[in-house]
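Spelled out from the first residue to the last, the chains are:
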Amino acid sequence: QVQLVESGGGLVQPGGSLRLSCAASGFTFSSYGLTWYRQAPGKERELVAGITSSGGRTNYTDSVKGRFTISRDNAKNTVYLEMNSLKPEDTAVYYCKVPRLGYWGQGTQVTVSS
């Protein structure tokens, strides 16, 4: 069955960096685009970034452009989200998703606070 396991979250000070990973199994990873979403307390889940199956194209929500980078390693069945210059408003649970399959991971908490 499809499994998506996020890791790499934690507590970081404003201006700091984190690298999230999402390890996938149960489907042909290299055939599917992947996305990262986040959900802050009391807010709706929002799309943060997406990447095509080959990794050749990426897209980002405006609030993270220039700070976050999505990438993938098809040999390792893993998608990453490199987050730099983190702000308190980036605090959320971050999820990866395979849009065409509709599967979500369990999420990883990111807290940006001094």
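This structure is a prediction, so every number in the text was calculated from the model and none was measured.

Visitor: I'd like a rundown of the environment of C96, residues and numbers included.
Guide: The residue C96 is located in strand β9 (residues 92-98) in this model. Considered as a pair, C96 and V12 are 84 residues apart in the sequence and their alpha carbons are 20 Å apart. The residues touching C96, leaving out its near neighbours within four places in the chain, are L4, E6, C22, T35, W36, V79, Y103, W104 and G105.

Visitor: How would you sum up the state of the cysteines? Please name residues and give values.
Guide: Using the criterion set out here, one finds 1 disulfide in the structure. Each disulfide pairs two cysteine sulfurs, and for C22 the partner residue is C96, the sulfurs being separated by 1.9 Å. Here C22 and C96 share a disulfide; its torsion about the S-S bond, 50°, makes the bridge right-handed. In this pair, C22 sits in strand β3 (residues 18-25) while C96 sits in strand β9, placing the two residues 74 residues apart along the sequence. Here C22 matches C96 in class, with each residue buried.

Visitor: Describe the nonpolar core, naming the residues involved and giving the relevant values.
Guide: Among soluble globular proteins, nonpolar side chains are generally buried collectively. Formed by 29 residues in total, the largest nonpolar core has its most connected members in W36, V79, L81, M83 and Y94. When residues of this core are traced back to their parent elements, those giving at least two are β3, β4 (34-39), β5 (46-51), β7 (68-73), β8 (78-83), β9 and β11 (108-112). With sequence-adjacent residues up to four places away left out, Y94 is seen in contact with E6, L20, W36, Y37, R38, V48, F68, L81, M83, G107, T108 and V110.

Visitor: Could you give me a rundown of unusual backbone geometry, with the residues and numbers involved?
Guide: Even without being glycine, N77 reaches a positive phi, approximately 50°. By the element assignment, N77 lies in the loop between β7 and β8. The backbone of S85 sits at a positive phi, close to 50°, despite the residue not being glycine. Mapped onto the secondary structure, S85 falls in the loop between β8 and β9. Judged by its relative accessible area of 41%, S85 falls in the partly exposed class.

Quick notes on the rules
- Residues numbered from 1 in each chain as written.
- Predicted model: local features only at pLDDT ≥ 70, side-chain atom pairs only at ≥ 80, totals over all residues.
- Heavy atoms only, no water.
- Helix = DSSP H or I, 4+ residues; strand = E, 2+ residues; numbered from the N terminus.
- Contact = heavy atoms within 4.5 Å.
- Disulfide = S-S within 2.5 Å.
- Buried < 20%, exposed > 50% of the residue type's maximum accessible area, 1.4 Å probe, protein only.
- Core = buried A, V, L, I, M, F, W, Y, C linked by side-chain atoms within 4.5 Å.

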